[in-house]
Each structure stands twice: as structure tokens, then as C-alpha cells.
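Now for the letters of each chain:
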Amino acid sequence: MTIKPDYQHFDDLLQKRLFRVPEYQRAYSWGSQQRKELFFDITKLHQQNIERNHFMATIVCLQTGKKEEVGVDEYGVFDIVDGQQRLTTLIIILKALSKKLGEGSNIQKREAKKLDELLVKGDQRLILLQTNHDSSLLFRKYLLDEALPAADSVGTASEKNLIDAVKECEEFVIKWPDDPLVLLKIVKNRLDFVFYALDDEGAVYTIFEVLNSRGLEVDWLDKCKSVLMGIAFNKFKGRAGSEHIKEIHKRWTKIYETIGLDKIPGHEILRFAATLRQPDEPYKIMSSHDALEFLRNYCEENPALIINVTDDFLEIAKSLDKLNENPRWRAVTDILHARFLAVAIMYNTYLNDKEKSELLDVWENVTFQIFGLCRKDARHEVSTYTRPAHRVANGKMTKTEVARNINVLRDVVDVNSAIDKFKGADCYFGWSSRDLLYFFYRYEEFLAKQAGAAISTHVWEQIWRASPETTIEHIFPENPGVEWRGKLGKGIKPESQVHRLGNLMLLPPNVNSQAGRKSFLKKKEIYRNNRNLRMVEEILRKREWNKQAIEDREKKLLKWAKYTWCT
């Protein structure tokens, strides 16, 4: 097959073509940093006096062979395999320019109309026919009607990225220091692309892999997908092969839908899947590069396993999504190999749901003891986590055996001594905010259980979503007013007491700023309006808040912690 890349200006690239992003491709994932780099490249061109062009990127497409008629014009239809992020962002810039020019002179309004006709054809077909996994049709509504929903009304990371992209692109256009027609000229005529249009989907993935092995920033999962699809097209032939590839595409659609619900890193999915597929028990989680090469060789030897590996990706993506959705799990999953063990438990096909739930409770408790209470770092007990994870994922252990292996992890740490070290310590700056929130969440659960009630789910959803600084309350203020003078005793400096565990509690978001430096009496008035938290009730029963009250509460909390995690 002869492959002839075309070197084209952006305007030429858009002529007589309609682009599609297939559902089995990743959703829009560019963040602010990538857009800032694009804006910088365009601005730099403007600052140069000479008419210099700038090479932007490579666009790789599958030429579908389809033609779309709009009036008397015919447009070729191309599926984008590589380059959709940049193409989508530049199309948003063109729409932002159309809005800006539409407010200007007659000449600018004429150019705005041309842009609208380029982006949206006469029968309302778009230059970019779909943005995959955009369930609210956000991209289409923006190009057609300039409509943009509120950021808090969308549910996926892709949609949030698109909203951010629109806002940032419109801001870039508004702040452009020259005539917006100058910006339009630069975007259309001085941004250049290498365009590959191939009619063989297998060759498309081969080109994608070659281009993205040259130092370009591409997610490792996307690289792996390209490798596996290349193997599939090379090995699977005929009608049966087409059905096989169709099934793989369906799975990738589901994978990207799952990833789009949250910011799940693709490289982690890849690394976990390859590590679990290793024949021998691993001492660590594979690197992204090693994982890719392992799965390449694994599927080259038996291409029928590509579907199995893709199923692994989907199940691991779902498991990571569950970890992200559950706030108390999310609070104890900063450590990679700890997440790996949780995923392995969920991945297992031999355990029933009840057994998995009970094992995840064990995993959560032990993980918090090691990394939360004992404050071990990411280098601690890597192989001790990864080896049982490999066994449980591959169904080689019973529930009792798994629980025993997890509980063994804490034998190398002294949780009791770790809890003792919190006495008199700075627990606000000396402990991570996430661990502190988790600690008080578990304490609130304990208080609710004692009262025969449930915790306030609504309040805790607010707390988990908010910044810890807006929810952690210093009962004795960090910067006390005159009302607090002498409350700690003679010669005792506030900074030695205010960050102790006994002086900290949680409030709904931003209520702590209302309490601020107020006297204890006035703080209690604010606390009374937030009695959905049972730990607040404990404080309301106090007449005074002084050093003795702080020490008494600290002692009570540490006693509870030992009861919870040391027995």
C-alpha cells in the first residue's frame, strides 16, 4: 500500500471533508495546559513579523469511502484515529471567532457567516460529525446555537473538559490584542498539518503507532489499543475477522465511556491488566512500557486473547471508577499498590458480591492503618500487596485466605504506637487532609451507630466534595480574639494547642469561616445550626473550651482509634 501524507493548511484540511470521532475512540480529554500551549503557538506566530507557518500535528484518518451531499456539494467522510483533540479545539476556536466577528463590522460579519457555513452545513451537519461519549450533545449545541450548559450540570470528565475548552477559547479570542480577522487568518492559513487518509483500518493503527513512538505525548492505553488493533487487523481475516474486530470496537466504546465518567488514568488500567496477566506472581506493578510490550507479545502469540485483554481493561476501568465514586475508598487509595489490591478483589470472578464487599472492608481498614495512621510512604510493602493481588485476581485464594493475607500486611507496623504519637501532635499540618477527613468520617459512623442512627449522607457528600480547608474546624481558633485570652492557661501559646486532634472537628463546607475567631459561646450558636453531625453535639455539651477540654477530647478520640484499629 502506498501512503502519501499531505501537507496542508488548516483551512485546506477542512475543505470538502466531514470528520467523525468513532465511539470506540477516547473522548475529548485535553486540559488547560494543552490549550495554553496551543494559544502560545498561535500568539507567537502573531508576534513574528515574517509570514512564517507553524507545524501543528499529524492527523490520521480512516477514509470511509462514504460521500455526504449537502445541496450540490459532496463531502468525503473521514473517521479520526489520531489528532481529534487538536482538531476539536481548533474548531472551537473558529466558533469563538465567529461569535466575536458577528459583533463587528460588515466585513467581520461576512467572515463570521463564512465560518458558520464551514462549521455547520446547510442541513445542519457539522464539520465534526460527532464528539464521542458527549451524551448531552454539548459540542453540537455549541456549534449550532452557541449554547453551553452550567459546569455543575454535566456528569462526565469529557463534558467538563469541553465546557472548559469553550470558555478558554472564547477568552483567548476576546483578549486577542489585534483585529480578530488577523487571528482568523493565522488559524486558517498559517497552522499546518500532515494529513494521512488511509482506506485500510489496519494500516491506520500501524501509522498511529509509528507516529506516536516518536516522543509525542499519547496515553499509554491509547498506544496499547493501537498495537492490539494492528494485530487484530493483521491476523483476523474474512467475515469472521470482521465480526471479531466489531466486538473489539464495542468493548473500546464501553472502556472510553467508563473512563469518561471520571479522570481514570489509562496507563494505570494498562499496568494493572498486564500485571494481572503475568504467569508468575509479581513483586511490583509493571511499568507502562513493560506492560505494553508484554501485552503485545502475549496477543501476538494468540490473537484470540485480544478480546480477553480488552475485557480486562473494561473490568479494571469499572473497578477504578468504583474506587473513585466511593469517598471512603477514595480516601485510602493514594498508594498505587493499595489500589491494585482493591481492583484485584473486585476483578475476581470466583468470589460472590458479599465476599468481595467483606474483603474490601478488610482492605480499607488495613490500608488506612498502614498509610494513614502509620504514615508509611509509597515504597512500603509493594510486593506484599502485589503478590496476593495477583493470586486473588486469578482465583487462587479463598475469601478466608485473602483476608488472612491482607491482615498480615499490618504485622510489620505498630499501629498502637502510631496512634500514641498523635498525642499532643500537630494533626492539622502533620497529617494529610484526606486522612483527617477519613478519621472523622469513621468516628461519625461510630457515634451514629451508638445512637442507633445513620450518618447524614447529604452532609457528608458535601464534605467529601469540598476542599478540606473549608470543612476542618479549629474549635479554639488559629488566630484567637480577645474573648479567648487566658483560656489555655498562663504562658501556653495557642499554636501549641490549636492543631491537636482534640481541637479539630468537621463542619459542612464554609461553616468554619462563619465561626472564625468568635467566642466559644457564639461558635456554639453556629454549631447548633449544623447538628446533622453528631460530633458537633459532643462539643455543644461543653460549657468551656480550654486546654483541659482539648486534652480530654484528644484522649477520647485516641482511645476510640485504638478500639477501632487495634482490636
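Residues numbered from 1 in each chain as written. Predicted model: local features only at pLDDT ≥ 70, side-chain atom pairs only at ≥ 80, totals over all residues. Heavy atoms only, no water.

1. Some words on the overall build of the chain
Regarding its fold elements, the chain presents 25 helices and 7 strands. If one aligns the C-alpha atoms of the chain with their principal axes, the spans along those axes are about 85 × 65 × 40 Å. The burial tally for the chain puts 53% of its 567 residues in the buried class. For the chain, the share of sequence-separated contacts (at least 6 apart) that also reach a separation of at least 24 residues comes to 76%. Surface exposure of the chain reaches about 26700 Å², of which carbon and sulfur atoms provide 47%. For the chain, the separation between the mean place of its 88 positive charges and that of its 82 negative charges on side chains is 6 Å. (Helix = DSSP H or I, 4+ residues; strand = E, 2+ residues; numbered from the N terminus. Buried < 20%, exposed > 50% of the residue type's maximum accessible area, 1.4 Å probe, protein only. Contact = heavy atoms within 4.5 Å. Areas by Shrake-Rupley, 256 points an atom, 1.4 Å probe, with all protein chains shown as cover. Lys, Arg positive; Asp, Glu negative; His and termini not counted. Charge placed at Lys NZ, Arg CZ, Asp CG, Glu CD.)

2. Brief notes about helix α23 (residues 520–528)
Looking only at α23, the buried set comprises F520, K523, K524, I526 and Y527. On an axial view of α23, the arc spanned by its buried residues comes to 160°, and they lie on one face. On the buried face of α23, the contacting elements are β6 (472–474), β7 (504–506), α22 (511–515) and α24 (534–540). (Arc of directions from axis to C-beta.)

3. A closer look at the nonpolar core
The biggest cluster of nonpolar side chains holds 122 residues, and the ones touching the most others in it are F313, W363 and F439. Filtering out sequence-adjacent residues up to four positions away, F313 remains in contact with L221, C224, L228, W252, I255, I269, L270, A273 and L295. The next biggest cluster of nonpolar side chains, apart from the first, holds 53 residues, and it includes I92, V120, L184 and F195. (Core = buried A, V, L, I, M, F, W, Y, C linked by side-chain atoms within 4.5 Å.)

4. Remarks on the sheet that holds strand β2 (residues 17–20)
Ordered by their spatial adjacency, 5 strands build an open sheet running β1-β5-β3-β4-β2, and the pairing between neighbours is mixed. Strands at the two margins of the open sheet, each flanked by one partner only, are β1 (6–9) and β2. Sheet twist, expressed as the average angle between the axes of neighbouring strands with direction ignored, equals 45°. As defined by bridge partners, strand β3 (residues 54–70) adjoins strand β5 (residues 191–198) across 8 bridges and the pair is classed as parallel. When the bridges of β5 are listed, F55 appears paired with D192. Against the sheet, helix α7 (residues 180–189) contacts β1 and β5, and its axis sits at roughly 35° relative to β5. (Pairing = 2+ DSSP bridges. Axes fitted to C-alpha atoms, helices over the stretch in contact; angles between N-to-C directions.)

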